[in-house]
Amino acid sequence: MSDPLTPRRRVGGYAEFAPPGDLREDVSSIWTFEASRHGAPATHRVLPYPGLTVVFHYVRSDGGGVERPRLELFGPVSRVRSFRPEPGLVMQAVELRPESVTRLLGVSPADHLDAIDSWRPSAGPDSVSLFDKLAERALVGDGALGELVRWLRERDADSRLDPAGRISRLALRALRAPRSASLRISDVADRIGVSLRHLRRSVLEVAGASPKRIQRLERLNRVVSVADTRGAPRWSELAVAHGYFDQAHLIRDFRDLTASTPARLHAERRAEPVPG
């Protein structure tokens with residue numbers, strides 16, 4: 001990886017980085033997670049998300065060694081769930097936008113819904129050795145994020161958008177725009193120049209979920225991401241800035257998708273301990 005990652009937020013043992021400019025169409029975030037090797041680990045609430053995440057993880061021993069390294073695909077999350085990491089767990093991950101998963105990885109997001117699956121890439125000149133390279137980087141303490149980003153760049157350079165992928169990218173880009181709550185899917189279809197049925201079918205085929213479902217989940221995660229960087233978020237302002245009609249709309253979505261209110265979820269996340 002030629003350019004350094006830009007930190008975006010940190011909550012407890014979780015740190016998020018902005019994707020490099022050349023991968024922003026494909027990658028929604030890059031993140032790491034580290035659990036303390038001592039003390040009781042905190043339970044983390046995993047929020048619903050429509051994309052798929054490539055995760056390399058292992059356990060760091062007290063002596064600094066790497067134990068039980070694994071390369072896995074964390075599939076789309078349809079409902080909130082709890083995660084309690086084991087002591088010393090280290091995770092390094094690249095979160096892909098749903099419409100980019102099939103093109104870059106050769107798998108469908110829908111096939112990995114609510115699943116965590118072992119994975120070995122099967123295409124590309126360096127794919128066989130990807131796991132070995134990640135494990136080697138972990139052993140020297142240099143991290144695996146750079147290697148994952150480099151591999152994805154190679155896949156991006158070798159792949160091409162098909163018609164359904166192009167429609168999905170254009171549609172979801174429009175639905176991710178700020179203040180897009182009132183934007184109708186039919187308006188997006190007209191803007192792209194396809195029928196509403198064709199747009200919905202293309203997004204479902206490529207991304208594994210409906211355009212509206214993806215818009216709703218990504219909007220919620222954007223608000224959580226920004227709120228994590230603030231001690232006292234102004235929820236009414238965040239609602240308007242990120243595509244909700246008003247604060248009441250935001251609160252309804254939080255209750256439905258996370259089983260919590262915005263304020264309670266924010267306090268819970270900020271209370272998670274930072275590893276020593």
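Quick look at the structure, then. (Residues numbered from 1 in each chain as written. Predicted model: local features only at pLDDT ≥ 70, side-chain atom pairs only at ≥ 80, totals over all residues. Heavy atoms only, no water.)

Next up on the list: the environment of glycine 193. The residue glycine 193 is located in the loop between helix H5 (185–192) and helix H6 (196–207) in this model. By relative accessible area, glycine 193 is classed as exposed at 62%. The spatial distance from the C-alpha of glycine 193 to the C-alpha of isoleucine 167 is 9.4 Å, given a sequence separation of 26 residues. (Helix = DSSP H or I, 4+ residues; strand = E, 2+ residues; numbered from the N terminus. Buried < 20%, exposed > 50% of the residue type's maximum accessible area, 1.4 Å probe, protein only.)

Here we come to the sheet that holds strand E1 (residues 6–11). One open sheet holds the 7 strands; their spatial order is E1-E2-E3-E8-E5-E6-E9, and the pairing between them is antiparallel. Looking at the sheet topology across the chains shown, the edges are occupied by E1 and strand E9 (116–118). Between one strand axis and the next, the sheet turns through 25° on average, direction left out of account. Against the sheet, helix H2 (residues 130–139) engages strand E5 (52–60) and strand E6 (66–74), with an angle of about 135° to E6. (Pairing = 2+ DSSP bridges. Axes fitted to C-alpha atoms, helices over the stretch in contact; angles between N-to-C directions. Contact = heavy atoms within 4.5 Å.)

At a closest axis distance of 10 Å, the pairing of helix H4 (residues 163–175) and H5 adopts a crossing angle of 130°. The angle between the axes of H4 and H5 places the two elements in the oblique class. The interaxial crossing formed by H4 with H5 has right-handed handedness. Facing Ile167, Leu170, Ala171, Ala174 and Leu175 of H4, the residues of H5 in contact are Ile185, Val188, Arg191 and Ile192. Classifying every residue of the contact of H4 with H5 by side-chain character gives 8 nonpolar, no polar and 1 charged. (Parallel < 35°, antiparallel > 145°, perpendicular 65-115°, else oblique. Left-handed = near helix turned anticlockwise from the far one by under 90°. Nonpolar A, V, L, I, M, F, W, Y, C, P; charged D, E, K, R; others polar.)

For a regular strand, side-chain orientation follows a simple rule: the groups alternate between the two sheet faces. The buried fraction of strand E3 (residues 27–34) amounts to 7 of the 8 residues, a majority that puts the element mostly inside the structure. Pairing between strand E2 (residues 14–18) and E3: 4 bridges, direction antiparallel. The partner of glutamate 16 across the bridge, within E3, is tryptophan 31. Pairing analysis gives 7 bridges linking E3 to strand E8 (residues 89–96), with the strands arranged antiparallel. When the sheet's bridge partners are listed, glutamate 34 is paired in E8 with valine 90.

Now for the packing of aromatic side chains. One pass over the full model with this rule turns up 6 aromatic pairs. Considering the side-chain rings of phenylalanine 33 and phenylalanine 83, the 6.1 Å spacing of their centres and the 65° angle between planes classify their relative orientation as edge-to-face. In this pair, phenylalanine 33 sits in strand E3 while phenylalanine 83 sits in strand E7 (residues 81–83), placing the two residues 50 residues apart along the sequence. Look at phenylalanine 33 and you get buried, because its relative accessible area is 11%. Arranged with centres 5.6 Å apart and planes meeting at 85°, the rings of tryptophan 119 and tryptophan 151 form a pair that is edge-to-face. Within this pair, whereas tryptophan 119 is found in the loop between E9 and H2, its partner tryptophan 151 is found in helix H3 (residues 145–158), the two being separated by 32 residues in sequence. In this structure tryptophan 119 comes out as buried when scored by relative accessible area, which is 8%. Of the residues examined, tryptophan 151 reaches a relative accessible area of 3% and is grouped as buried. (Phe/Tyr/Trp six-rings, centres within 6.5 Å; stacked < 30°, edge-to-face > 60°.)

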